[in-house]
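The chain contents come next:
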Amino acid sequence: GERFDDGVPLEETWMGREGSQDFQRLVNYQDTYQPGARRYDVGEVANFALLPGVMTSLGLLLEWGVERIQAYCASLTGELFQVAAGRGFSVEAEGWRGEHLFGIRMRPDVELDTLKAALDAAGVVASLRGTALRVSPNVYNDAGDVAALTEVLSAI
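Scoring rules and cut-offs
- Residues numbered from 1 in each chain as written.
- Predicted model: local features only at pLDDT ≥ 70, side-chain atom pairs only at ≥ 80, totals over all residues.
- Heavy atoms only, no water.
- Patch = residues over 30% accessible without salt bridge, like charges linked within 9 Å, V, L, I, M, F, W, Y side chains within 5 Å.
- Areas by Shrake-Rupley, 256 points an atom, 1.4 Å probe, with all protein chains shown as cover.
- Salt bridge = Lys/Arg side-chain N within 4 Å of Asp/Glu carboxyl O.
- Helix = DSSP H or I, 4+ residues; strand = E, 2+ residues; numbered from the N terminus.
- Buried < 20%, exposed > 50% of the residue type's maximum accessible area, 1.4 Å probe, protein only.
- Pairing = 2+ DSSP bridges.
- Contact = heavy atoms within 4.5 Å.
- Axes fitted to C-alpha atoms, helices over the stretch in contact; angles between N-to-C directions.
- Parallel < 35°, antiparallel > 145°, perpendicular 65-115°, else oblique.
- Nonpolar A, V, L, I, M, F, W, Y, C, P; charged D, E, K, R; others polar.
- Core = buried A, V, L, I, M, F, W, Y, C linked by side-chain atoms within 4.5 Å.

## Details of a nonpolar patch on the surface
Then comes step 1: A cluster of nonpolar residues, Phe 48, Leu 50, Leu 51, Val 54, Met 55, Leu 58, Leu 60, Leu 61, Trp 64, Tyr 72, Val 139 and Tyr 140, forms a patch on the protein surface that exposes about 1,200 Å² of accessible area.
Then comes step 2: At seven residues, helix H1 (residues 51-64) tops the list of elements feeding residues into the nonpolar patch.
Then comes step 3: One can find Leu 61 in helix H1.
Then comes step 4: The exposure class of Leu 61 is partly exposed, given its relative accessible area of 40%.

Below you can see the structure in the form of structure tokens.
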């Protein structure tokens, strides 16, 4: 957002400096940053070695289709949402969440350290964000992955 356009980046890179795109004048370093969010770019934005992977990934996304990916993710999480609701957790209503990324808000009595330990023990990769569990199922997940998460939540 625009409120960050004049901020100080965490990484002080030469590419984040004003005029750095003019390679003829690279030795004329500037203290001022690139305008807007460009100042926050990583030090090497022209990483051409990654382009084949990007192209292949975009091809797969186009082949599979966003709608099919969302439908697949939705097919995985139906029981999870039922269990979560039955155990007193809350999840955003279907029309307001993505099927591939959502939060499960914990009850106030849930010890987050205990939850994290249970998730780790079950091999569930999800992250705590405040008092919510951020879950991001995708095409690489299957019913067994979601079942492991469901079991952890059922036990709390």
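## Details of the pairing of strand S4 (residues 132-135)
Then comes step 1: Across four bridges, strand S2 (residues 102-105) lies against S4 in antiparallel orientation. Within S4, the position partnered with Gly 103 by the bridge is Arg 134.
Then comes step 2: Where strand S3 (residues 127-129) and S4 come together, three bridges link them in antiparallel fashion. Following the sheet pairing, Leu 128 is matched in S4 by Leu 133.

## Quick word on the sheet that holds strand S1 (residues 90-91)
Then comes step 1: Pairing is antiparallel in the open sheet, where four strands are placed in the order S1-S2-S4-S3. If you trace the sheet from one side to the other, it starts and ends with S1 and S3, each paired once.
Then comes step 2: Here helix H2 (residues 66-86) sits on the sheet and contacts S1 and S2; the angle it forms with S2, its principal contact strand, is near 25 degrees.

## Focus on the side chain of Thr 13
Then comes step 1: The topology assignment puts Thr 13 in the segment before H1.
Then comes step 2: With near-sequence residues (within four places) excluded, Thr 13 lies in contact with Asp 41, Val 42 and Gly 43.

## Description of the environment of Gly 98
Then comes step 1: Relative to the elements of secondary structure, Gly 98 occurs in the loop between S1 and S2.
Then comes step 2: With 45 residues separating them along the chain, Gly 98 and Gly 53 place their C-alpha atoms 25 Å apart.

## Things to note about the packing of H2 against helix H4 (residues 143-155)
Then comes step 1: Here H2 crosses H4 at 5 degrees, and the two axes come no closer than 9 Å. Of the possible angle classes, the one that applies to H2 and H4 is roughly parallel. On H4, the residues touching Leu 76, Glu 79, Leu 80 and Val 83 of H2 are Ala 143, Val 146, Leu 149, Thr 150, Leu 153 and Ser 154.
Then comes step 2: Looking at the contact of H2 with H4 residue by residue, the class counts come to seven nonpolar, two polar and one charged.

## Some points on the pattern of salt bridges
Then comes step 1: Under the definition given, this model contains five salt bridges.
Then comes step 2: Across the pair Arg 17 and Glu 12 runs a salt bridge, and its minimum N-O distance is 2.7 Å.
Then comes step 3: With a relative accessible area of 18%, Arg 17 lands in the buried category.
Then comes step 4: Notably, a salt bridge pairs Arg 97 with Glu 99, separated by 4.0 Å at the nearest N-O pair.
Then comes step 5: Classification of Arg 97 as buried rests on a relative accessible area of 18%.
Then comes step 6: On the basis of relative accessible area, Glu 99 is assigned to the buried category, the value being 10%.

## Quick look at the nonpolar core
Then comes step 1: Residues Ile 104, Met 106, Leu 133, Leu 149 and Leu 153 are the most contacted members of the largest nonpolar core, which totals 20 residues.
Then comes step 2: For this core, the secondary structure elements donating two or more residues are H2, S2, helix H3 (112-122), S4 and H4.
Then comes step 3: Of all the elements, H4 adds the most residues to this core, at five residues.
Then comes step 4: Met 106 has contacts with Phe 89, Leu 112, Leu 115, Thr 131, Ala 132, Leu 133 and Leu 153, leaving out every residue within four places of it along the chain.

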